[in-house]
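So the chains spell out like this:
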Amino acid sequence: MSGPGFTANEGRSGFNKSGLTAVFRVDNQTRAFHFECRIMKAWVLEKPAPVESGPLALTDIPVPQPADDEVLVKVHACGICRTDLHVVEGELPIRKSKLIPGHQVVGRVSAVGSLVDEFKKGDRVGVAWLNRTCGICELCVAGKENLCERAMFTGWTVDGGYAEFAVAPASFTYRLPDGFDDVQAAPLLCAGIIGYRCLRLTGIEKSDWSRAKLGLYGFGAAGHVCIQLARARGAEVYVCTRDRQRHQVLARELGAAWVGDASADPPALLDASIIFAPAGELIPPALKTLKQGGTLVLGGIHMSPIPGFDYSLIYGERIIRSVANNTRADGREFLIEAARIPIRTHTQVFAFSEVNEALIALKTDAIRGAAVLNIVP
Ligand SMILES: [Zn+2]
Ligand SMILES: [Zn+2]
């Protein structure tokens, strides 16, 4: 923004005629005033509603300014996650009015706050769901920052990446491995990291993965990354998913040992299973095929009510545990493992103008792999 001849004679002018923020700059040589509107396009949620009614509106708003500890990111691509659907449709409570959703943000640093020294303009970065934590509570100090009660979340409590620009704290921003282009990298930032954490919470030790039998229920964005991690570690993976055309076919392509319908019985007892589908009714059938001492991990932020079931299904020291967010360590470790394997994300790309269409496709299981908005094609 600061071309030759322009200096610190720059300030906020107030509002242009659209009511939007503008800045003026003075050319030191000609003394001419230049007005510059730092306006961007963003998809804004006024009020949660079913995606079929198009609740997101493409809006001109001021480009956000990074705080001292933040980076401003020019967004190139943003993954579309099922959590975005829960936010847009109101299954998660509203935490910010006029919200910009999106928490799998890939782009280039466009400006940095005064305290930021780990990034510079032009660096390629990713911004994920965990936006900021307090850093001082009992949970943060114990390394469980994913559970911090004062945590902020990208695209839910603060604006996210369905926009041309986004800001994020530098210390919660990731450097991205070179092997992934912007679109391929986007689904790593939530679907990938959450799948990684789910695998960790199965409790299967590193040395046992090569003998492990793992069940996956639901095979969307997270499932298709998770199976690649598990297969690379040597596990046999059994996939239950209702979508035969896309999800079952992709699961076979990615090396599933067996593929069946949503609540089908895999032909083996499993050491651990992960439910990615937001369907509480899958818990009893998933427990039925879990070995004694096995863990059932629930990977979603929202789930429909869980039906009652006999104690015998969980007896035998079976464990059910949810996954809530992720730590930054999860993110960094996952990105290293993803680059080493390397993970190949399967993406269905939507233009920036097609956000509502993309969310409808996600809702109707019409995505193969992960949906991604290509904002700078
Ligand atoms: Zn905290
Ligand atoms: Zn997500």
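Residues numbered from 1 in each chain as written. Chains lettered and ligands numbered in written order. Predicted model: local features only at pLDDT ≥ 70, side-chain atom pairs only at ≥ 80, totals over all residues.

Looking now at the overall build of the protein chain. Along the protein chain, the regular secondary structure elements total nine helices and 20 strands. Principal-axis analysis of the C-alpha atoms places the extent of the protein chain at approximately 80 × 40 × 40 Å. Residues counted as buried form 47% of the 377 residues belonging to the protein chain. At a minimum sequence separation of 6, the contacts of the protein chain that also span at least 24 residues come to 66%. (Helix = DSSP H or I, 4+ residues; strand = E, 2+ residues; numbered from the N terminus. Buried ≥ 20, exposed ≤ 12 C-beta atoms within 10 Å, placed from the backbone. Contact = placed C-beta atoms within 7 Å.)

Take the confidence of the model for the protein chain next. Residues with a pLDDT of 70 or more make up 91% of the protein chain, whose mean pLDDT is 92. Predicted confidence for residues 1-21 stays below pLDDT 50, and this span has 30 contacts to residues more than four positions away or in other chains. (pLDDT = per-residue confidence, 0-100.)

Once that is clear, we can look at the nonpolar core. Counting 110 residues, the largest nonpolar core has V73, L216, C226, V239, I275 and L373 as the members making the most contacts within it. Both of domain 2 (42-187 + 348-374) and domain 3 (193-322) provide at least three residues apiece to this core. Ignoring anything within four residues of it in the chain, the contact list for V73 reads V105, G107, R108, V109, S110, V125, V127, F165, A166 and A168. (Core = buried A, V, L, I, M, F, W, Y, C linked by C-beta atoms within 7 Å. Domains from an automatic or database assignment.)

Before going further, it helps to examine unusual backbone geometry. Residue P342 is bonded to the preceding I341 through a cis peptide linkage, with omega at -15°. Within the element layout of this structure, P342 appears in the loop between α8 (328-340) and β19 (347-351). Located in the positive-phi region is K98, a residue other than glycine, with phi close to 45°. In this structure K98 comes out as partly exposed when scored by C-beta crowding, with 13 C-beta atoms within 10 Å.

A few words now on the sheet that holds strand β13 (residues 213-217). Overall, parallel pairing links the six strands, which are arranged β15-β14-β13-β16-β17-β18 in an open sheet. Where the open sheet ends on each side, the last strands, each with one partner, are β15 (258-260) and β18 (319-322). On average, adjacent strands in this sheet sit at an angle of 15° to one another, irrespective of strand direction. The pairing of strand β14 (residues 236-240) with β15 spans three bridges and is classified as parallel. Paired with Y238 across the two strands is W258, which belongs to β15. (Pairing = 2+ DSSP bridges. Axes fitted to C-alpha atoms, helices over the stretch in contact; angles between N-to-C directions.)

Moving on: helix α6 (residues 244-253). Listed as buried for α6 are H247, L250 and A251. Down the axis of α6, the sector holding all buried residues measures 105°, keeping them to one side. The outward face of α6, more than 90 degrees from its buried face, is lined by the exposed residues R244, Q245 and E253. Positive backbone phi, at 95°, marks G255, one or two positions downstream of α6. (Arc of directions from axis to C-beta.)

Right, let's get into the environment of F153. Mapped onto the fold, F153 is located in strand β10 (residues 152-153). Here the alpha-carbon distance between F153 and T133, two residues 20 residues apart in the chain, equals 9.0 Å. Apart from the residues within four sequence positions on either side, F153 is in contact with H103, W129, L130 and N131.

Let us look at the environment of W156. Within the fold, W156 resides in the loop between β10 and β11 (165-169). By the C-beta count within 10 Å, which is 24 here, W156 ends up buried. Along the backbone, W156 and G102 are 54 residues apart, and their C-alpha atoms lie at a distance of 8.1 Å. Filtering out sequence-adjacent residues up to four positions away, W156 remains in contact with V87, L92 and R95.

By the element assignment, V51 lies in the loop between β4 (39-45) and β5 (56-62). By the C-beta count within 10 Å, which is 22 here, V51 ends up buried. Not counting chain neighbours up to four residues away, the residues in contact with V51 comprise L85, V88, E89, N356, L359, I360 and K363.

Our next topic: the packing of helix α4 (residues 191-201) against helix α5 (residues 221-232). Closest axis-to-axis distance for the α4/α5 pair is 8 Å, and the angle between their directions is 55°. If you check the angle between α4 and α5, you find them oblique. With respect to the hand of their crossing, α4 and α5 are arranged in right-handed fashion. Here α4 contributes A191, G192, I194, G195, Y196, C198 and L199 to the contact with α5, which in turn contributes A221, A222, V225, C226, L229 and A230. Residues belonging to the contact of α4 with α5 are distributed by class as follows: eleven nonpolar, two polar and no charged. (Parallel < 35°, antiparallel > 145°, perpendicular 65-115°, else oblique. Left-handed = near helix turned anticlockwise from the far one by under 90°. Nonpolar A, V, L, I, M, F, W, Y, C, P; charged D, E, K, R; others polar.)

Further remarks concern α8. Note that an α-helix has 3.6 residues per turn; residues three or four places apart therefore point the same way. Over its 13 residues, α8 extends 19 Å from the first C-alpha to the last, a length consistent with the 18 Å expected when each residue adds 1.5 Å. Residues D330, G331, F334, L335 and A338 constitute the buried set of α8. An end-on view of α8 places all buried positions within 125° of arc, on one side of the element. Turned more than 90 degrees off the buried face of α8, the exposed positions are A329, I336 and R340. Where α8 is buried, its residues touch β12 (173-175) and α4. (Expected span 1.5 Å × (residues − 1).)

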